[in-house]
Amino acid sequence: MKKISTLLLLAFASMSFAQSFKITYGGKDVSGTEFTKYISAGDYNIIDFGLENKSNVDKLFKVARTVKSPAKLEDCSSITIWTSVLSYMTNHESIDTLPDSFPFEANSTLPKDSVSPGLLVNLNVCPVCVDHTIVYRIWDESNDKDFAEVTINYTCTNGIKEHDLGTISPAYPNPANGMIAIDYTLKNTPKNAKIIFYDRLGKMVKETPIANQQGTAKINISELCTGFYFYNFVVDGKTSNARKLIISGN
């Protein structure tokens with residue numbers, strides 16, 4: 001009887017410490033891991049994590065990020081976090097918790113579609129690049145010991161700066177559902193220039209050639225599905241910073 005009771009206690013203990021959540025990147029489980037994201041001055045760096053509720057219970061989860069090194073963000077930097085259909089610009093302190101909780105159905109994954117991300121984070125880098133180590137965590141609102149987290153080492157490197165190419169405006173309108181325009185003035189007449197659009201998984205979905213040194217690229221994006229996209233200029237082998245484009249429903 002004592003042996004049976006002990007086994008029951010051990011089973012209960014293992015159930016108590018089972019984690020409900022999983023954080024994925026590129027289809028792989030990255031919960032509890034640490035990896036490097038290379039950045040450069042002035043960059044717009046986006047990482048799009050998937051989330052999974054592995055439990056048989058509906059959850060409300062919360063999100064926080066912790067800047068571990070240096071202790072806080074520089075005033076010129078910012079972190080934006082999207083989850084579900086909401087977006088937040090987080091502050092410059094070491095720890096920031098999003099004010100809302102988000103519903104998460106049992107045995108389900110986020111994103112469910114191309115409109116609502118799982119956990120999409122963006123670090124805007126200052127004109128002078130600084131390395132950062134940042135932890136992103138989600139947890140059960142009713143049990144803060146039931147969590148998953150991932151650590152990103154943002155590491156400065158000598159990437160191509162957008163001003164090396166010239167002046168490039170954000171796409172407008174944004175959100176859009178038919179045509180967009182992008183104004184640009186390149187430093188030199190390009191031999192091989194194009195604007196490349198990527199979906200949230202990094203797959204190229206559209207490419208538009210650019211022939212002139214200066215002008216406005218008018219691009220029909222009506223064939224793209226509703227959701228988040230990113231685009232950049234590629235000019236003679238040099239790549240601009242990525243920018244976000246939201247395509248809304250008609």
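In case you missed it, the structure is sitting above this.
The text that follows walks through the structure, step by step, so that each part is easy to find. (Residues numbered from 1 in each chain as written. Predicted model: local features only at pLDDT ≥ 70, side-chain atom pairs only at ≥ 80, totals over all residues. Heavy atoms only, no water.)

## What about the pairing of strand β11 (residues 119-124)?
- When you tally the buried positions in β11, you get five out of six residues, the bulk of the element.
- Bridging between strand β4 (residues 44-53) and β11 involves six bridges; their strand directions are antiparallel. Of the residues in β11, the one forming a bridge with Ile-46 is Asn-122.
- Here strand β6 (residues 78-83) pairs with β11 via five bridges, running antiparallel. By the bridge assignment for β11, Trp-82 is matched with Leu-120. (Buried < 20%, exposed > 50% of the residue type's maximum accessible area, 1.4 Å probe, protein only. Helix = DSSP H or I, 4+ residues; strand = E, 2+ residues; numbered from the N terminus. Pairing = 2+ DSSP bridges.)

## With respect to the packing of aromatic side chains
- Counted under the stated rule, the structure contains nine aromatic pairs.
- Seen from their ring centres, Phe-61 and Phe-104 are 5.5 Å apart, and the 55 degrees between their planes marks the pair as tilted. Highlighted residues: Phe-61 in strand β5 (residues 59-69) and Phe-104 in strand β9 (residues 102-104), separated in sequence by 43 residues.
- Of the residues examined, Phe-61 reaches a relative accessible area of 0% and is grouped as buried.
- Judged by relative accessible area, Phe-104 falls into the buried class, the value being 2%.
- Of the aromatic side chains, those joined through ring pairs into one cluster are Phe-21, Phe-61, Phe-102 and Phe-104.
- Of note, Arg-137 hangs over the ring of Phe-147, and the distance from its end group to the ring centre comes to 3.7 Å. (Phe/Tyr/Trp six-rings, centres within 6.5 Å; stacked < 30°, edge-to-face > 60°. Lys NZ or Arg CZ within 6 Å of the ring centre and 35° of its normal.)

## Examining the side chain of Thr-83
- On the secondary structure map, Thr-83 appears in strand β6.
- In this structure the side chain of Thr-83 is engaged in a polar contact, spanning 2.7 Å, whose partner is the backbone oxygen of Gly-118.
- Not counting residues up to four positions away in its chain, the partners in contact with Thr-83 are Phe-61, Leu-98, Phe-102, Pro-117 and Gly-118. (Polar contact = N/O pair within 3.5 Å; in protein donor to acceptor, adjacent residues only side chain to side chain. Contact = heavy atoms within 4.5 Å.)

## Focus on the pattern of salt bridges
- Evaluation of the coordinates by the stated rule reveals seven salt bridges.
- Here Arg-137 ties to Glu-149 by a salt bridge, and the two come within 2.7 Å at their closest N and O atoms. Residue Arg-137 is located in strand β12 (residues 132-140), and its partner Glu-149 is located in strand β13 (residues 143-156); the two are separated by twelve residues in the primary sequence.
- Among the salt bridges present, the one from Glu-207 reaches Lys-194, with a minimum N-O distance of 4.0 Å. Of the two residues, Glu-207 sits in strand β17 (residues 204-210) while Lys-194 sits in strand β16 (residues 193-198), which places them 13 residues apart along the sequence.
- A relative accessible area of 42% means that Glu-207 is categorised as partly exposed.
- On the basis of relative accessible area, Lys-194 is assigned to the partly exposed category, the value being 22%.
- Overlapping salt bridges, with partners in common, bring together Lys-59, Asp-140 and Asp-146 in one network. (Salt bridge = Lys/Arg side-chain N within 4 Å of Asp/Glu carboxyl O.)

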